[in-house]
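Chain residues, written in single-letter form:
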Amino acid sequence: MARRIKLSVENLSKTFRVSAGRGAPPSLLPVLRNISFQVREGDIVSLIGESGCGKTTLLRIVQGLVARDAGNVKVDGKPVSAPGQDRGFVFQQASLLPWRSARENVEFGLELRRVPADVRRQRAAELLKLVGLGAAGEQYAHQLSGGMQQRVGLARALAIDPALLLMDEPFSALDAQTREELQAELLRIQSKTGKTVLFVTHDLDEAIYLSDQIVVLGARPSRVKTIIDVPFPRPRPPLSKLRGEPRFQQIRDEVWELISQKTAAVA
Amino acid sequence: MTARDAALSGADLKESAEIDVEDIATSGPSNRELWCIRVASIIFVLGAWEYFGRQANPLFASYPTAIARSFVTLIENGELIAALITSLKTLVISFVLGTVIGLVLGLLVGRYRRFEASVDWIISALYSTPKVAILPLIVLWLGLGAPTKIFLVTMTVIFPILINTIAGVKNVPAQLIDVGDAFAASERDIFLKIILPSAIPYMIAGIRLSVGKAVIALVVAEFFTAISGLGALITKYGNMYDTATMFVPILTLMLLGVLLQSGAKAAEKRLAAWRFTD
Ligand SMILES: Nc1ncnc2c1ncn2[C@@H]1O[C@H](COP(=O)(O)OP(=O)(O)OP(=O)(O)O)[C@@H](O)[C@H]1O
Ligand SMILES: [Mg+2]
């Protein structure tokens, strides 16, 4: 099935300049080296790699929050380098605006686009319902549980109807049960909206359960080690059930092997 | 958010160690019981004041019923109202001026590093200068009338608000600015929809601090320039050795301060409602 390429990351490199204290010249921290991969329309692709390997940096470059040193990011074939509402971002800490209610948070991106209030309100109500928060619209962020906050964060990103959804370990701060609940929710919402998703995680099971493809990054400065196809058809059974499948274990072992083996240092 | 609250109460406490009676009364004994204790305490203190005040030489001390009589007299002859209006005029004009200048300047200094570098040294210098000390100079510039008073009180009001607003802008969590950036917000929208609302609790803390200082500055200005307003009443009856009557404007000023404080608090509950939900 030849689907369109939604996101294409080409030969992306990034080196941070880290200040080494007073007077000293800044030291260079190469984080990403020559990263290339593509995401097809309607797919969920996970980026996985050990902590500090540059997953967040890569996602922020795609969003346009961090400048790249080299390479290209194309959404629908068009190169992007600044933030835009064609991409929706879901943060690790939900990062809701605490002085706004859940509904007002969802409306944020639409407000920036000067969408009229009644249209915004209606859209926010739809989205809150979609993420299972139909009744909590008027609550402030701190009145919501962590899982509910992430749902609002997802609704906020979906509200602007982005071509691409970028999610940075959105469930990593949640307890195991809530995490599985939200993973299943994400699959349901994704199949309903048909969104293309680039999902950062360091949780193997999560990556396999959610993804059509897993992009495995090596240790810093990271390159793409492998891209693994996850063949389970959708809709998928609950994670607890999928885990029992031999193919699941096989993929898990394979990715685990790749992540844990230290890359031979390439200078 | 807890770190943020802590930072906030830090700012609150930096300049005044006032105890917030309402905030403390949240757990333990019931509100009703606490109010009974409070009323009993008030009655006891007033009673003791009345008793011991009557024993003392009326030149050195007065007592509640005498003050109440003087109060009625001052109301009847119109002196108190006239003085109050004069004082309030200075206070309101200065407060509005000081608040607007403090908030706007604070937002700009907090957000723009270049602007900050060009004015932060003036702010530090003026902040550390006791405003009363330059009063003689201000009198030379502006004369003994209203402008001098307004200048002094405005200068007093500006700084707590300015300093707090700067802190508020600088303490906007980076993640929240990130949200604005990620959603491609313009600089203007980031300012209005993220920085401003995030700094509001700090701003109001600054306004609350400045209320008390404004009343003090007002009285000082009324003592040392063209004698007028409530400050003038204090001087007048002090000079006449009429201690009971002298207490009337003093208590009026105290009431004014309390009223303004609770006004600022009410504004806080409205403007930063999200911080008061649980
Ligand atoms: N703005 C920055 N300036 C300097 N160094 C940075 C900056 N942002 C990230 N880094 C460094 O780049 C490296 C990669 O960070 P990044 O946050 O992308 O890792 P990550 O893969 O998301 O890790 P985790 O799984 O822990 O979230 C880290 O060593 C980090 O310290
Ligand atoms: Mg990260």
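Since this is a predicted model, take the numbers as computed values, not measurements.

Parameters at a glance
- Residues numbered from 1 in each chain as written.
- Chains lettered and ligands numbered in written order.
- Predicted model: local features only at pLDDT ≥ 70, side-chain atom pairs only at ≥ 80, totals over all residues.
- Heavy atoms only, no water.
- Helix = DSSP H or I, 4+ residues; strand = E, 2+ residues; numbered from the N terminus.
- Buried < 20%, exposed > 50% of the residue type's maximum accessible area, 1.4 Å probe, protein only.
- Contact = heavy atoms within 4.5 Å.
- UniProt positions renumbered as here; feature names shortened; annotations may be inferred.
- pLDDT = per-residue confidence, 0-100.
- Polar contact = N/O pair within 3.5 Å; in protein donor to acceptor, adjacent residues only side chain to side chain.
- Domains from an automatic or database assignment.
- Near = heavy atom within 4 Å.
- Areas by Shrake-Rupley, 256 points an atom, 1.4 Å probe, with all protein chains shown as cover.
- Nonpolar A, V, L, I, M, F, W, Y, C, P; charged D, E, K, R; others polar.
- Buried area = accessible area lost by both parts, 1.4 Å probe.
- Salt bridge = Lys/Arg side-chain N within 4 Å of Asp/Glu carboxyl O.

Quick look at the overall build of chain B
Piece 1. When its secondary structure is counted, chain B shows 12 helices and 0 strands.
Piece 2. If you list the helices and strands of chain B from N to C, you get α-α-α-α-α-α-α-α-α-α-α-α.
Piece 3. For chain B, the proportion of its 278 residues judged to be buried stands at 42%.

Let's talk about the overall build of chain A
Piece 1. A count of helices and strands for chain A gives 8 helices and 10 strands.
Piece 2. Along the longest, intermediate and shortest principal axes, the C-alpha atoms of chain A span 55 × 55 × 35 Å.
Piece 3. Here chain A, with 267 residues, has 52% of them falling under the buried criterion.
Piece 4. Long-range pairs, those at least 24 residues apart, make up 70% of the contacts in chain A with a sequence separation of at least 6.

So, the UniProt feature "domain: ABC transporter" (unreviewed entry) in chain A
Piece 1. Mapped onto this numbering, the UniProt entry annotates "domain: ABC transporter" (unreviewed entry) at residues 7–244 of chain A.
Piece 2. Secondary structure across residues 7–244 of chain A comprises 32% helix and 27% strand; the distance between its end C-alpha atoms is 32 Å.

A closer look at the confidence of the model for chain B
All names here are of chain B.
Piece 1. Per-residue confidence for chain B gives a mean pLDDT of 86, with 90% of residues at or over 70.
Piece 2. Per-element confidence in chain B is highest for helix H9 (residues 174–182), whose mean pLDDT is 96, and lowest for helix H1 (residues 2–15), whose mean pLDDT is 43.
Piece 3. Residue range residues 1–20 is modelled with pLDDT below 50. Its contacts to residues more than four positions away, or to other chains, number 26 contacts.
Piece 4. The complex prediction reports pTM at 0.82, with the ipTM value standing at 0.91.

Points about the side chain of glutamine 213 of chain A
Residue and element names in this part refer to chain A.
Piece 1. Of note, glutamine 213 is situated in strand S9 (residues 213–217).
Piece 2. The buried category is assigned to glutamine 213, whose relative accessible area is 14%.
Piece 3. At 3.0 Å, the side chain of glutamine 213 and the side chain of aspartate 229 are in polar contact.
Piece 4. Setting aside its immediate chain neighbours within four residues, glutamine 213 contacts Gln38, Arg40, Ile44, Val45, Ser46, Ile227, Ile228 and Asp229.

Some words on the domain arrangement of chain B
Piece 1. Per the domain assignment, the segments of chain B are domain 1 (17–55) and domain 2 (64–276).
Piece 2. Placing a centre on the C-alpha atoms of domain 1 of chain B and another on those of domain 2 of chain B gives a separation of 28 Å.

Topic: the site of ligand 1
Residues and elements named next belong to chain A.
Piece 1. Within the structure, ligand 1 sits among 13 residues, and Ser51, Lys55, Thr56, Thr57 and Arg220 are positioned closest to it.
Piece 2. Here an oxygen atom of ligand 1 sits 3.3 Å away from a polar atom, N or O, in the main chain of cysteine 53.
Piece 3. A distance of 2.7 Å separates an oxygen atom of ligand 1 from a polar side-chain atom of lysine 55.
Piece 4. Protein chains shield 63% of the accessible area of ligand 1, which is 640 Å² for the free molecule.
Piece 5. Mapped by element, the contributors of at least two residues to the shell around ligand 1 are strand S2 (27–40) and helix H1 (55–63).
Piece 6. Ranked by residue count, the leading element in the shell around ligand 1 is H1, at 3 residues.
Piece 7. For the shell around ligand 1, a count of residues per class yields 4 nonpolar, 6 polar and 3 charged.

Observations concerning the environment of alanine 70 of chain A
Residue and element names in this part refer to chain A.
Piece 1. Within the element layout of this structure, alanine 70 appears in strand S4 (residues 70–75).
Piece 2. Between the C-alpha atom of alanine 70 and that of glutamate 10, which follows or precedes it by 60 residues, the distance is 9.0 Å.
Piece 3. Excluding residues that lie within four positions of it along the chain, alanine 70 makes contacts with Asn11, Leu12 and Ser13.

Some words on the UniProt feature "transmembrane region" (unreviewed entry) in chain B
Residues and elements named next belong to chain B.
Piece 1. Per the UniProt record, the feature "transmembrane region" (unreviewed entry) sits at residues 35–52, 80–109, 121–144, 150–169, 215–234 and 246–264.
Piece 2. Here residues 35–52 runs as 100% helix and 0% strand, with 26 Å between its end C-alpha atoms.
Piece 3. Between the first and last C-alpha atoms of residues 121–144 the distance is 29 Å; the span itself is 67% helix and 0% strand.

Some words on the environment of glycine 145 of chain B
All names here are of chain B.
Piece 1. Of note, glycine 145 is situated in the loop between helix H7 (135–142) and helix H8 (146–170).
Piece 2. Residue glycine 145 is classed as partly exposed on the basis of its relative accessible area, which comes to 29%.
Piece 3. Note: C-alpha distance between glycine 145 and glutamate 222 (77 residues apart in sequence) is 9.7 Å.

Here's the deal with the interface of chain A and chain B
Piece 1. Of the residues lining the interface, 26 residues belong to chain A; the matching set on chain B comes to 21 residues.
Piece 2. Between chain A and chain B the total buried area reaches about 2100 Å² when both faces are included, carbon and sulfur atoms providing 68% of it.
Piece 3. Across the chain A-chain B interface, the total number found is 3 salt bridges.
Piece 4. In this structure, the salt-bridge partner of glutamate 111 of chain A is lysine 193 of chain B, at a minimum N-O distance of 2.7 Å.
Piece 5. Broken down by element, the side of chain A that touches chain B gets its largest block of residues, 4 residues, from helix H2 (residues 102–112) of chain A.
Piece 6. Residues of the side of chain A that touches chain B, tallied by class, amount to 13 nonpolar, 8 polar and 5 charged.

Details of the environment of isoleucine 207 of chain B
Residue and element names in this part refer to chain B.
Piece 1. Position of isoleucine 207 relative to the elements: it lies in helix H10 (residues 187–224).
Piece 2. Along the backbone, isoleucine 207 and glycine 98 are 109 residues apart, and their C-alpha atoms lie at a distance of 9.6 Å.
Piece 3. Excluding its chain neighbours within four sequence positions, the residues that come into contact with isoleucine 207 are Phe95, Thr99 and Ile161.

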